[in-house]
Amino acid sequence: MSNLSRRFDPYLPLVNADKLKKMGRTYGGDSKMRKQECVDFLLAALADPELLSQAIENLEPFEQLSLALVKQMGGAADYQAVGIGVLASGINISIRMRRFNFFDELATHLVERGILLNEGYSVGSFYAGHSRVKLFSDPRLLAHVGAPQVEPAELRAAPTPAVTHVRMPPTVVLELIGFLQTLDSMGGLGLTQKGELRVNDVRKFQKALQWSTEDWEIDGLVFKDATNALIHALRHSDFLEFAANVLVLKSPVETVAERDYADQVSMLVNGFLRVSEWTESQTKRWSYSSSNYPQGRAALLMALTSLPLDTDEFYTIDALDTLLFDRIGEHFSLEGSVHRYISTYQKTPDEIRQMEAEWLAEKREKWLKQERQWIEDALSSWLYFLGMVELGIAGKRPVAFRLTELGKAVLHPAKAIPVTTAATPAGDHASGVWVVQPNFDVMVYLDRTTPPQLAFLERHAERTQSQQYMAHYRLTRDSVYQGLERGTTLDAFLEELGRHAQTPLPQNVTVEIREWAALRDQVILHHRADLLEFADPAARDAMLTTSLDGRAVGDRYLLLASTATQRQRLPKSVGAVERLNYAQPLPKILRADETGGLQLKGAAIDLLIEAQLDHWADRTKDGQWQLTPATVGECIKAGGRINELIDLLTARLAHKLPPLLELALRNWSGRRTKSAELERFVVLRCDDDDGLHAILTSKRLKPYLRGTHEDNLVLFAPEHIEEVQEILRWAGIELTELRL
Amino acid sequence: MTKPILHENLPIIEVAEAYLLDMLIEDKVAASLLLTRLSDQVAVVAPAKLDTLLARLLQLGHTPKVVR
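The shown structure was predicted, so the numbers you read here are calculated from the model rather than taken from an experiment.

K.L.:
For this particular structure, what's the right way to read the overall build of chain A?
P.N.:
Of regular secondary structure, chain A possesses 30 helices and 27 strands. Expressed as a percentage of its 740 residues, the buried residues of chain A come to 36%. The contacts in chain A between residues at least 6 apart in sequence include a share of 65% that link residues at least 24 apart.

K.L.:
I would appreciate a short explanation of the interface of chain B and chain A in the present structure.
P.N.:
Facing 34 residues of chain B, the contacting portion of chain A comprises 39 residues. For the side of chain B that touches chain A, the leading source of residues is strand 1 (residues 5-15) of chain B, giving eleven residues. Residues of the side of chain B that touches chain A, tallied by class, amount to 23 nonpolar, six polar and five charged. Across eight bridges, the pairing between strand 17 (residues 523-533) of chain A and strand 1 of chain B is antiparallel. Bridging across to strand 1 of chain B, Ile524(A) finds its partner in Glu14(B).

K.L.:
When you look at the sheet that holds strand 8 (residues 240-243) of chain A in this model, what are you seeing that I'm missing?
P.N.:
Pairing between sheet strands relies on hydrogen bonds along the backbone, with the strands arranged either parallel or antiparallel. Residue and element names in this part refer to chain A. The sheet built from three strands is open, its strands ordered 5-9-8 with antiparallel pairing. Each edge of the open sheet carries a strand with a single partner, namely strand 5 (189-190) and strand 8. Sheet analysis places strand 8 next to strand 9 (residues 246-249), joined by four bridges and oriented antiparallel. Note on strand 9: the bridge partner recorded for alanine 243 is valine 246.

K.L.:
Please explain the pairing of strand 22 (residues 597-600) of chain A as it appears in this structure.
P.N.:
Consecutive side chains of a regular strand alternate in pointing toward one face of the sheet and then the other. Residue and element names in this part refer to chain A. Summarising the sheet, strand 21 (residues 590-592) and strand 22 pair through three bridges and their orientation is antiparallel. When the bridges of strand 22 are listed, leucine 590 appears paired with leucine 600. As paired elements, strand 22 and strand 24 (residues 624-626) share three bridges and run antiparallel to each other. If you follow glycine 597 over to strand 24, its bridge partner there is glutamine 626.

K.L.:
Would you mind going over the sheet that holds strand 27 (residues 713-716) of chain A with me for this structure?
P.N.:
All names here are of chain A. With respect to topology, three strands assemble into an open sheet ordered 25-27-26, the strand pairing being antiparallel. The open sheet has two edge strands with one neighbour each: strand 25 (682-685) and strand 26 (705-709). Strand-to-strand twist in this sheet, taken as the mean axis angle between neighbours without regard to direction, amounts to 25 degrees. Two strands pair when backbone bridges link them, and strand 25 and strand 27 are joined in this way by four bridges, in the antiparallel orientation. Paired with valine 683 across the two strands is leucine 715, which belongs to strand 27.

K.L.:
Just checking my understanding: could you explain the packing of helix 10 (residues 226-236) of chain A against helix 12 (residues 261-273) of chain A for this structure?
P.N.:
Axis angle and axis distance: for two packed helices, these are the angle between their axes and the distance between the axes, and together they describe the pair. Residues and elements named next belong to chain A. Where helix 10 contacts helix 12, the two axes come as close as 7 Å, and the packing angle between them is 105 degrees. Classed by the angle they form, the pair helix 10 and helix 12 counts as roughly perpendicular. On the side of helix 10, the interface is formed by Ala233, Leu234 and His236, while helix 12 contributes Leu268, Gly271 and Phe272.

K.L.:
I would appreciate a short explanation of the confidence of the model for chain A in the present structure.
P.N.:
Reading predicted coordinates in detail is not appropriate for stretches of low pLDDT. Scored by pLDDT, chain A has a mean of 87; 94% of the residues are at 70 or more. In this model residues 421-427 of chain A is a low-confidence stretch, pLDDT under 50, and it forms nine contacts with partners more than four residues away in sequence or in other chains.

K.L.:
Explanation requested: the nonpolar core in the structure shown.
P.N.:
Nonpolar side chains tend toward joint burial in soluble globular proteins. Ranked by internal contacts, the top residues of the largest apolar core, which has 139 residues, are Leu135(A), Ala299(A) and Ala303(A). Leave out the neighbours within four places in its chain, and Ala303(A) touches Ala88(A), Ala153(A), Leu320(A), Leu323(A) and Leu324(A). Of all hydrophobic cores here, the second largest spans 51 residues; its members include Val632(A), Ile12(B), Val45(B) and Leu50(B).

Basis of the calculations
Residues numbered from 1 in each chain as written. Chains lettered and ligands numbered in written order. Predicted model: local features only at pLDDT ≥ 70, side-chain atom pairs only at ≥ 80, totals over all residues. Helix = DSSP H or I, 4+ residues; strand = E, 2+ residues; numbered from the N terminus. Buried ≥ 20, exposed ≤ 12 C-beta atoms within 10 Å, placed from the backbone. Contact = placed C-beta atoms within 7 Å. Nonpolar A, V, L, I, M, F, W, Y, C, P; charged D, E, K, R; others polar. Pairing = 2+ DSSP bridges. Axes fitted to C-alpha atoms, helices over the stretch in contact; angles between N-to-C directions. Parallel < 35°, antiparallel > 145°, perpendicular 65-115°, else oblique. pLDDT = per-residue confidence, 0-100. Core = buried A, V, L, I, M, F, W, Y, C linked by C-beta atoms within 7 Å.

Here it is as structure tokens:
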């Protein structure tokens, strides 16, 4: 998905002077500056990476966290989502904010600090009212912001459950790669004018992946409406970008596959953070507000991020739930904004405390019915699917969890927590990651593979099956061919395949792969070959003995080795040459007449034109052709299109294609011009207005009259010429011979 | 022709054995994409038709090396 961040430049002049002065202080500005000076100062600060880095370093932790959250959500986020994220992190907020108006006060503070701006007409002066205002930041500022930092949570460890489920990182990533490959082969996902996913494209995507449209069951856990969830998470992830109203891959699948497991998974995690079109709740209520799902996920991730890293302990979901309620319970609900109606009028402090406790108890009761279940659903759906958590199961329900290595690595990118095993040392087959069998099947131990190893297999073999700990690939002639075509050399391919194999490659496999590779040399397609054409074989052969790097083709040609130097400069021994560049329009060396006669005129004839003309016309002499209804009709019958011929003539004729010839060619191809009618007439020209009027209104002449043309021509039926002559002579009109 | 002609950026097909080109010329689809046979083993491909020819070659069971 596209980056939602926006440069501050066009917005700063809209901010009032008082606010600008406050913003400027963050970057070391002087509060005595005038408005335009403030704007200029801020623009200069935003263009100064060193100053930005320093300014961010000086921010309070909760301010840095707010920026990190906005960055994680794509550069812009609902102001309440930012507030919930900050609360869920457990981080200390150094300035005093009123509990009942926390979100507005936090947003106002962040805007006044000049690190975020609010959308809407009052930019720079935050006011939400009843609307969900978004906050955004400048991409130059976000470039200096890292992952969210949180306050460590103190959660009591739970006993290790008897039954646990976990998904291996390679299993997760293989599925992810499968999605991306499918999307790529479809040419992307189309969007409607309203920006929604095209229903047909979604169906095609689901069908290609053989996805069930119903809820999925993964290791006994229900992932509600998983198809919808994954499609929207992909849509909002940074894997994709817009290109002409279609969501396409930003980088080739092979490039994605080579990235760390954590990098790949975190891109989809961020996608889930932005999804409002789907909810985890298996018991979704009509009252849930879709804009609160991203808030809930941000809060949940913050809580997970605050778990200790140096332990592999399990925690109960109840403990996580309590932690989250303690941090955000007063402010968050899946149903929308939380309002506290506690009237303090004429109440003692004890009474107020009592009322607040009652309100909170009521809120907790409702939370346990809604949000508690939602947390469990989130853990057992996308967080489990993405391999972020290992779940402890009791009676088919998840009751406990712990972060996997992958989960820790995704949530703490700055700590570079290793997820993969080390690559296999050369020749160390005992610790290999796959076994290549004589039937060309490759069995891969997923618990040992690294992303580059998986990317290697994805590039050179067909994946046939993938399970929790094993994946099966098959080496085929086609898969090896595709890999070699992407640039791997045969030796490098065999070396890499053997290096990670647990046992030496079977001999028949090596032999067969070498044979497949050799087949590639049987037929070679050159997109841009350079060929020297000589007048005769003797001239060409003489050139073969010079320093020219190339080989003879036919009697008169020399195929040059494609080196950049040779392409630009030929040896002096070749002398002056005519150049024809087929990557550019070729010279206009053809002439055509209205009868379809074609003639080549020019010293340097390219290697296309004669064959092209032979295809459409009869060669009459050397360098001359004749287009006829028969030659054109035959080509059309064989599947040719008349526009190909007309385009060819238009491109190569030294003059405009004669319109009558074009008309004829189109008609010969089967498109008939509407038939014209022909008839003989006797034409009378009379330049005398009175005489013309008398003739046209005459009752005697009317039976012979067939029409008029222009202002002075009268048409008569030719079989009555004598009667017409007699009447006109009778009327005293002298008739002379007409010459048009 | 007085001077040699340098044909630059020319799309061509090159085969290891002449019979391979003979076979392609026998194939109606492939033949329509080949313009001029320069030798037993080399032919000029119609402009902008190299990808179509590649698809046809794969269909016919060849695994051509593509030099870009």
